[in-house]
Amino acid sequence: MPKPVSSALKPMDVLRGSLNSSVLVDVRGNRGYSGILEGYDVYMNLVIRDAAETIGGQDHGMYPRILVRGDNVIYVSPVNSVRGE
Amino acid sequence: MPKPVSSALKPMDVLRGSLNSSVLVDVRGNRGYSGILEGYDVYMNLVIRDAAETIGGQDHGMYPRILVRGDNVIYVSPVNSVRGE
Amino acid sequence: MPKPVSSALKPMDVLRGSLNSSVLVDVRGNRGYSGILEGYDVYMNLVIRDAAETIGGQDHGMYPRILVRGDNVIYVSPVNSVRGE
Amino acid sequence: MPKPVSSALKPMDVLRGSLNSSVLVDVRGNRGYSGILEGYDVYMNLVIRDAAETIGGQDHGMYPRILVRGDNVIYVSPVNSVRGE
Amino acid sequence: MPKPVSSALKPMDVLRGSLNSSVLVDVRGNRGYSGILEGYDVYMNLVIRDAAETIGGQDHGMYPRILVRGDNVIYVSPVNSVRGE
Amino acid sequence: MPKPVSSALKPMDVLRGSLNSSVLVDVRGNRGYSGILEGYDVYMNLVIRDAAETIGGQDHGMYPRILVRGDNVIYVSPVNSVRGE
Amino acid sequence: MPKPVSSALKPMDVLRGSLNSSVLVDVRGNRGYSGILEGYDVYMNLVIRDAAETIGGQDHGMYPRILVRGDNVIYVSPVNSVRGE
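Rules and cut-offs
Residues numbered from 1 in each chain as written. Chains lettered and ligands numbered in written order. Predicted model: local features only at pLDDT ≥ 70, side-chain atom pairs only at ≥ 80, totals over all residues. Heavy atoms only, no water. Helix = DSSP H or I, 4+ residues; strand = E, 2+ residues; numbered from the N terminus. Buried < 20%, exposed > 50% of the residue type's maximum accessible area, 1.4 Å probe, protein only. Areas by Shrake-Rupley, 256 points an atom, 1.4 Å probe, with all protein chains shown as cover. Contact = heavy atoms within 4.5 Å. Buried area = accessible area lost by both parts, 1.4 Å probe. Salt bridge = Lys/Arg side-chain N within 4 Å of Asp/Glu carboxyl O. Polar contact = N/O pair within 3.5 Å; in protein donor to acceptor, adjacent residues only side chain to side chain. Nonpolar A, V, L, I, M, F, W, Y, C, P; charged D, E, K, R; others polar. Least-squares fit on C-alpha atoms with pLDDT ≥ 70 in both. Pairing = 2+ DSSP bridges. Phe/Tyr/Trp six-rings, centres within 6.5 Å; stacked < 30°, edge-to-face > 60°. Lys NZ or Arg CZ within 6 Å of the ring centre and 35° of its normal. pLDDT = per-residue confidence, 0-100. Patch = residues over 30% accessible without salt bridge, like charges linked within 9 Å, V, L, I, M, F, W, Y side chains within 5 Å. Lys, Arg positive; Asp, Glu negative; His and termini not counted. Charge placed at Lys NZ, Arg CZ, Asp CG, Glu CD.

Trainee: Before we move on, can you summarise the overall build of chain A with the specific residues and values?
Mentor: Counting its regular elements, chain A contains one helix and five strands. Counting from the amino terminus, chain A carries its helices and strands in the arrangement α-β-β-β-β-β. Here chain A holds 85 residues, and the buried ones make up 52% of them. Per element, the accessible surface of chain A, about 3800 Å² overall, is 55% carbon and sulfur.

Below, the structure is given as structure tokens:
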């Protein structure tokens, strides 16, 4: 994988580039949410569609739409990071 | 479910779109509240009517009206996400 | 109970509407305070009169007047929510 | 005790009205301080004179003067709430 | 000790009045520092000279100079509160 | 290694100087991420490419790209600190 | 050591006076870092060179350069406090 020499990617760019794509979100309290990122704001509050929740790594529920408060977010990872931007 | 190509949904839009509808709210300390969202503010403080409380997944009480402080919110999920907006 | 179609209720409206009425306040650390709401501010600091304290659900003490710091508040619930406002 | 119909009491009013009077202060970490309130600021930092400290409900020490950082305060209660103000 | 009728003592006044005097500082995580207060700022960051550290009440070390971050401070107590100010 | 006599290095300079280079990031909750730093912002939110995650020191997963929220960061260490800047 | 009668030392002065000198930094989660302070900012984010890490008092690793987030800092102590400033 060649090393890019381009300028820095802003964290908010990652969220913008992940809109309408799959993300995995890790949240304090040993929780995870995977689904389609529908929206976000500067506080890293996230709106996720068709969200599958895990607690302690176990499947726990499905939410048609969920708003996760940014305070609790540990990381957001685009599931398919091969994107042109 | 077709993938939308529309613009992003702001987190506060989810709250506004959920007014007078059922929401499920997860709160730190293993608590949950489900009821009708009556109001909110930018701190994600929430007003919920006819709120059923669970603690550790067990039914714990009913509140005609409850104001949940935003600091403690983990997520808000509209119970019926099929809404035109 | 008919479903209101009115505009949203702001969280601070709930506090203002509860002045001089009974509230139940849940606080981090497994505490609760019930009494008459005498005052509040935008940080959700609360002044409660004739406050009965519970710790872990057990009665723990009475305070003629108590100022609860907003940081610790989980929820505030008006005890009698049937109020004209 | 007659129910006041007056306007709301601001939380900072309670602190101002308690100056040079006895207060009981509850602090995170299972601590309490009782003494004479000498001063405060908007962060709820408190100066207490002749402060008796309890930890876990046990007497732990006396301080001629102590400055308690507001971040840690859970509640402040005037010991004698029958005051003209 | 006569009860003062003077105006309130601001928390920062206590720090200013303790400069170059002995203080006892209690810090989250069951720690304490006693020494000479050399400086402070509005965040309650503290500079202490000849600081003796206790952890869990046991002597743990000596520091010629230490900068304690205000976030962690629970209280500051002047060791000799009989001071003219 | 000779002791520099130059002016101070700002923390954000370390992040800027680490762009497109390997970093090790330690995160609350006993987690670590190592990979290529792609971006950051003033909140210390970090974008890491080809991130290897450890939990409790054990390998836990790989992420093509991950956005770590700054609130959770304990430290960032450039893996190869011998850089001209 | 004679007692200074000079004006107060600002916490940030201690950091500035420690540049390019040895410091011991204590961090939440039972960690410590000792090394040469290369930089800092007003959030108390710290850049440390040749940093030796301890966890629970045990040696844990060496970092050529490390950026410690200020939020986690408990104290910073100059290892050699006899400095002219």
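Trainee: Tell me about the interface of chain C and chain B, and please be specific about residues and values.
Mentor: Residue-level contacts link 27 residues of chain C with 24 residues of chain B. Summing both partners gives a buried area of about 2200 Å² for chain C against chain B, and 53% of it is carried by carbon and sulfur. Of all residues in chain C, C:Pro11, C:Ile74 and C:Tyr75 bury the most surface against chain B, accounting for 24% of the area lost on that side. The interface formed by chain C and chain B contains two salt bridges. A salt bridge links C:Asp71 to B:Arg69; the nearest nitrogen and oxygen atoms lie 3.6 Å apart. On inspection of chain C and its partner chain B, the count reaches eleven residue pairs in polar contact (both at pLDDT 80 or more). Counting only elements with at least two residues in the side of chain C that touches chain B, the list comes to α1 (11-17), β1 (22-27) and β5 (73-78) of chain C. With six residues, the top contributor of residues to the side of chain C that touches chain B is β5(C). Looking at the side of chain C that touches chain B, its residues break down into 16 nonpolar, four polar and seven charged.

Trainee: Hey, could you go over the environment of C:Gln58 for me, with residue numbers and the actual values?
Mentor: By the secondary structure assignment, C:Gln58 is in strand β4 (residues 58-68). Residues C:Gln58 and C:Arg31, 27 residues apart in the sequence, show an inter-C-alpha distance of 9.1 Å.

Trainee: Which residues make up the relation of the copies chain B and chain A, and what values go with them?
Mentor: The two copies are related by a screw operation: chain B maps onto chain A through 51° of rotation and 0.0 Å of translation along the axis, at an RMSD of 0.0 Å. The two copies present different faces, since only 4% of the interface residues in chain B are matched by interface residues at the equivalent positions in chain A.

Trainee: Requested: an account of the relation of the copies chain C and chain B, with residues and values cited.
Mentor: Both copies of the chain are related through a single rotation about an axis accompanied by a shift along the same axis. Once chain C is rotated about the relating axis by 51° and shifted along it by 0.0 Å, it coincides with chain B to within an RMSD of 0.0 Å. Taken together, the interface assignments show that only 4% of the residues at the interface of chain C recur at the interface of chain B, consistent with different surfaces on the two copies.

Trainee: Quick rundown of the pairing of β4(C)? Include the residues and the values.
Mentor: All names here are of chain C. With nine bridges joining them, strand β3 (residues 46-55) and β4 adopt antiparallel strand pairing. Bridge pairing in β4 links isoleucine 48 to isoleucine 66. Linkage of β3 to β4, two consecutive antiparallel strands, is achieved through a turn of two residues, within which glycine 56 is found at a positive phi near 60°.

Trainee: Can you tell me about the interface of chain B and chain A, naming the residues and giving the values?
Mentor: Each partner contributes residues to the interface: chain B has 27 residues there, and chain A has 25 residues. In total, chain B and chain A occlude about 2200 Å² of area from one another, counting both sides; carbon and sulfur atoms represent 52% of this. A per-residue breakdown of the area chain B buries against chain A is headed by B:Pro11, B:Ile74 and B:Tyr75, which together make up 25% of the total. Here chain B and chain A share two salt bridges between them. The closest approach of N and O atoms between A:Arg31 and B:Asp26, which form a salt bridge, is 2.9 Å. Applying the counting rule to chain B against chain A returns eleven residue pairs in polar contact (both at pLDDT 80 or more).

Trainee: Pulling in residues and values, what's your account of the pairing of strand β1 (residues 22-27) of chain G?
Mentor: Residue and element names in this part refer to chain G. Here β1 runs beside strand β2 (residues 31-40); their pairing, made up of six bridges, is antiparallel. Opposite valine 23, over in β2, you have glycine 35 as the bridge partner. Between β1 and β2, which follow one another and run antiparallel, lie three residues, and glycine 29 among them has a positive phi close to 85°. Taken together, the five bridges between β1 and strand β5 (residues 73-78) define a ladder with antiparallel strand orientation. Within the sheet, the bridge partner assigned to valine 25 lies in β5 and is valine 76.

Trainee: Account for the environment of C:Arg65, with residues named and values stated.
Mentor: Residue and element names in this part refer to chain C. One can find arginine 65 in strand β4. The exposure class assigned to arginine 65 is buried, which follows from its relative accessible area of 11%. At a separation of 2.8 Å, a polar atom in the side chain of arginine 65 contacts the side chain of glutamate 38.

Trainee: Describe the environment of E:Asp41, with residues and values.
Mentor: Residues and elements named next belong to chain E. Structurally, the position occupied by aspartate 41 is in the loop between β2 (31-40) and β3 (46-55). For aspartate 41 and arginine 16, which are 25 residues apart along the polypeptide, the C-alpha to C-alpha distance reads 9.8 Å. A distance of 3.0 Å separates a polar side-chain atom of aspartate 41 from the backbone nitrogen of tyrosine 43.

Trainee: Describe the side chain of B:Asn45, and please don't skip the residues or the numbers.
Mentor: In this structure, B:Asn45 sits in the loop between β2 (31-40) and β3 (46-55). For B:Asn45, a relative accessible area of 6% corresponds to the buried category. In terms of polar contacts, B:Asn45 uses its side chain to reach the side chain of B:Asp41, at 3.0 Å. A polar atom in the side chain of B:Asn45 sits 2.7 Å from the backbone nitrogen of B:Gly70. Excluding its chain neighbours within four sequence positions, the residues that come into contact with B:Asn45 are B:Gly39, B:Tyr40, B:Leu67, B:Val68, B:Arg69, B:Gly70, C:Pro11 and C:Met44.

Trainee: Describe the packing of aromatic side chains, listing the residues and the values that go with them.
Mentor: Summed over all chains, the structure comprises 14 aromatic pairs over all chains. Ring pairs connect the aromatic residues A:Tyr33, A:Tyr63 and B:Tyr75, which therefore count as one cluster. Over the ring of C:Tyr40 we find D:Lys10, and its NZ or CZ is 5.1 Å from the ring centre.

Trainee: So what's going on with the confidence of the model for chain A? Which residues, and what values?
Mentor: Residues with a pLDDT of 70 or more make up 86% of chain A, whose mean pLDDT is 88. Throughout residues 1-5 of chain A the model reports pLDDT below 50, and contacts reaching past four residues in sequence, or to other chains, amount to seven contacts.

Trainee: Residues and numbers for a positive patch on the surface, please.
Mentor: Positive charge collects at one region of the surface, where A:Arg28, B:Arg28, C:Arg28, E:Arg28, F:Arg28 and G:Arg28 lie side by side. Mapped onto the elements of the fold, G:Arg28 is located in the loop between β1 and β2. Given a relative accessible area of 31%, G:Arg28 falls into the partly exposed group.

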